[in-house]
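Survey of secondary and tertiary structure
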Amino acid sequence: MTLELLYWMRLVQYWESLYIHRKRSGGIIPTVAQQLHRENIERVVQEALERSCVTPGQLSAVATTVKPGLALSLAIGLEFSQRFVRQHNKPFIPIHHMEAHALTARMLQPVSFPFLVLLVSGGHSLLAVARGVDDFLLLGHTLDIAPGDALDKVARRLSLIKHPQCSTLSGGQAIELLAKDGDRTLFPFKTPMGQTYDCCFSFAGLHNQITLTIKKKEAEEGVEQGTLLRCVNDIAAATQHTVASHLAKRTHRAILFCKTNNLLPSNNPSLVLSGGVASNQYIRKVLTSITETTGLQLFCPPPKYCTDNGVMIAWNGVERLREGKGILPPHVDVRYEPKAPLGVDITAEVKAAAIKLPSVRMKIPTDG
Ligand code: KG4
Ligand code: ZN
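All of the points below concern the structure found in this document.

About the criteria used
- Residues numbered from 1 in each chain as written.
- Chains lettered and ligands numbered in written order.
- Predicted model: local features only at pLDDT ≥ 70, side-chain atom pairs only at ≥ 80, totals over all residues.
- Heavy atoms only, no water.
- Helix = DSSP H or I, 4+ residues; strand = E, 2+ residues; numbered from the N terminus.
- Rg over C-alpha atoms; globule rule 2.2 N^0.38 Å.
- Buried < 20%, exposed > 50% of the residue type's maximum accessible area, 1.4 Å probe, protein only.
- Areas by Shrake-Rupley, 256 points an atom, 1.4 Å probe, with all protein chains shown as cover.
- Lys, Arg positive; Asp, Glu negative; His and termini not counted.
- Charge placed at Lys NZ, Arg CZ, Asp CG, Glu CD.
- Core = buried A, V, L, I, M, F, W, Y, C linked by side-chain atoms within 4.5 Å.
- Contact = heavy atoms within 4.5 Å.
- Pairing = 2+ DSSP bridges.
- Salt bridge = Lys/Arg side-chain N within 4 Å of Asp/Glu carboxyl O.
- Donors = N, O, S within 2.8 Å, 3.2 Å for Na, K, Ca; no water.
- Tetrahedral: all angles 85-135°; square planar, octahedral: opposite > 155°, others 65-115°.
- Axes fitted to C-alpha atoms, helices over the stretch in contact; angles between N-to-C directions.
- Parallel < 35°, antiparallel > 145°, perpendicular 65-115°, else oblique.
- Left-handed = near helix turned anticlockwise from the far one by under 90°.
- Nonpolar A, V, L, I, M, F, W, Y, C, P; charged D, E, K, R; others polar.

1. Brief notes about the overall build of the chain
Scanning the chain from N- to C-terminus turns up 14 helices and eight strands. Relative to its length of 368 residues, the chain is compact, with a C-alpha radius of gyration of 21 Å against a globular reference of 21 Å. In the chain, which comprises 368 residues, the share counted as buried stands at 55%. In the structure as shown, the chain presents an accessible area of about 16200 Å², 52% of it carried by carbon and sulfur atoms. Mean positive and mean negative side-chain charge positions of the chain (40 and 31 charges, respectively) differ by 3 Å.

Okay, structure coming up:
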């Protein structure tokens, strides 16, 4: 039963090559990503099989991400997988990337359906109720850019790559590290969408606010763009805090909406926090204040399973295989979908409910 898991475990290495690319360039360049996929996929799958001491014949099925994502990268994975399953006569399980992020927590901890999930990454920001392996209710999503994208852009604008402690880190990781020695109160950025009582997100305006502040500080310090500012730690701390506060407020409203509409069990309701940005310890702490106030249990996979990884795709395959959902014979043609919504969209209902939030005292780490 776990053979496919072993198989895909090693795909982690393959994703790592993408990460190195992302860190060095400060973002993903689709054609470079595609080239890396093409160069690595055969070798990584081969290595995965060898290290797991598994032959293709012993696999129960092959699970591959087909949506949403970069078309050029999805195409390589899908093409390879379809050739592979036809050659070895194996079932094929197409996977939705966001569903995989949402269900990873169930691989490690006893999280049963239904549960609320906040997914925050470089490409997404959404709140959903997971009611089953392939059954989601979408409560909110980002209206513009994702939080990881905003953090990466701020990190780039601050030239954090030049910071001796940050040269090998992603934008979000760099902001988290520098924020530890910063004073967030020195830059009181406005939390987005304060007057919109729904569960959607927006990070483009915040990114704009921060860029204007950086320009102002560059003028004050008399330095050019590309020079590390003296107040870089304080800007990082304020950025991280505002992102955390925005995520916390929308999540708080989603919890209240779920309670009002009986979408979560009254016994032990849970919130799962996942996606690359969920590796952030400060964001986890701020969300803990919300779950403690509302009586939910918070589950966060460890950082290596929060960021993109092959294991979460394998796990989604295992879950689908167990339930017999979405398993295709090898010869069925499958298409990739660069854009693919998650679940049934009830964002309009959430907005119509216009739930006002009670104030919450956040237990914020003193060093942030
Ligand atoms: O889920 P993920 O690995 O890939 C996407 O599907 O996007 O998320 C990557 C994003 C990047 O924007 C990165 O800066 C952010 O997650 N990230 C973090 C942290 N580690 C990675 N953001 C905040 N704090 C972190 N520790
Ligand atoms: Zn992801």
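Having seen it, we continue.
2. Topic: the nonpolar core
Grouped together as the largest cluster of nonpolar side chains are 59 residues, with contacts concentrated most on Leu116, Leu118, Leu139 and Leu160. Each residue touching leucine 118, except ones within four places of it in the same chain, is listed here: Leu126, Leu127, Phe201, Leu247, Thr251, Leu271, Val272, Leu273, Ser274 and Leu287. Of all hydrophobic cores here, the second largest spans 22 residues; its members include Leu103, Met107, Ala128 and Trp315.

3. Points about the side chain of threonine 251
Inspection of the secondary structure puts threonine 251 in helix H10 (residues 232–260). Judged by relative accessible area, threonine 251 falls into the buried class, the value being 0%. Dropping the residues within four chain positions of it, threonine 251 is found in contact with Leu116, Leu118, Leu127, Leu271 and Leu287.

4. Side note on the sheet that holds strand S5 (residues 135–141)
Pairing within the open sheet is mixed, and its six strands lie in the order S7-S6-S3-S4-S5-S8. In this open sheet, the two strands that pair with only one neighbour each are strand S7 (297–299) and strand S8 (344–345). Bridging between strand S6 (residues 270–274) and S7 involves three bridges; their strand directions are parallel. What sits directly across from valine 272, in S7, is phenylalanine 299.

5. Considerations on unusual backbone geometry
Each neighbour pair has its own omega, and for phenylalanine 113 with proline 114 the value is -10°, a cis peptide bond. Even without glycine at this site, asparagine 262 takes up a positive phi of about 50°. Secondary-structure assignment places asparagine 262 in the loop between H10 and S6.

6. Here we look at the pattern of salt bridges
Going through the model one piece at a time under the given rule, you end up with 14 salt bridges. Residue arginine 106 pairs with glutamate 319 through a salt bridge whose shortest N-O separation is 2.8 Å. Taken together, the positions of arginine 106 in helix H6 (residues 105–108) and glutamate 319 in helix H13 (residues 310–323) put the pair 213 residues apart, joining distant regions of the chain. Given the relative accessible area of 4%, glutamate 319 is considered buried. Taken together, the salt bridges that share partners define one network made up of Arg43, Glu47 and Arg51.

7. Re the coordination of the zinc ion (ligand 2)
Coordination of the zinc ion (ligand 2) by the protein involves His97 (NE2), His101 (NE2) and Asp308 (OD), with metal-donor separations of 2.0 to 2.2 Å. Considering all four donor atoms around the zinc ion (ligand 2), angles at the metal cover 92 to 153° and the coordination shape is irregular. Spacing between the donor residues of the zinc ion (ligand 2) along the chain follows H-x3-H-x206-D. Placement of histidine 101 in helix H5 (residues 97–103) and of aspartate 308 in the loop between helix H12 (303–306) and H13 is noted, with a sequence separation of 207 residues between them.

8. Quick word on the packing of helix H8 (residues 171–179) against H10
Across the interface, H8 lies against H10 with an axial gap of 8 Å and an inter-helix angle of 115°. By the angle between their axes, H8 is roughly perpendicular relative to H10. Relative to H10, the crossing made by H8 is left-handed. Contacts from Ile175, Glu176, Leu178 and Ala179 in H8 reach Val232, Asn233, Ala236, Ala237 and Gln240 in H10. Here the residues of the contact of H8 with H10 are counted per class, giving six nonpolar, two polar and one charged.

9. Observations regarding the packing of helix H7 (residues 147–157) against helix H9 (residues 204–221)
The contact between H7 and H9 brings their axes to 10 Å, and the two run at 10°. Considering their axes alone, H7 and H9 lie roughly parallel with respect to each other. Taken together, the residues of H9 that come into contact with H7 (itself represented by Lys153, Val154 and Arg157) are His207, Ile210, Thr211, Ile214, Lys215 and Glu218. Here the residues of the contact of H7 with H9 sort into three nonpolar, two polar and four charged.

Any link to function would need more than the numbers given here.
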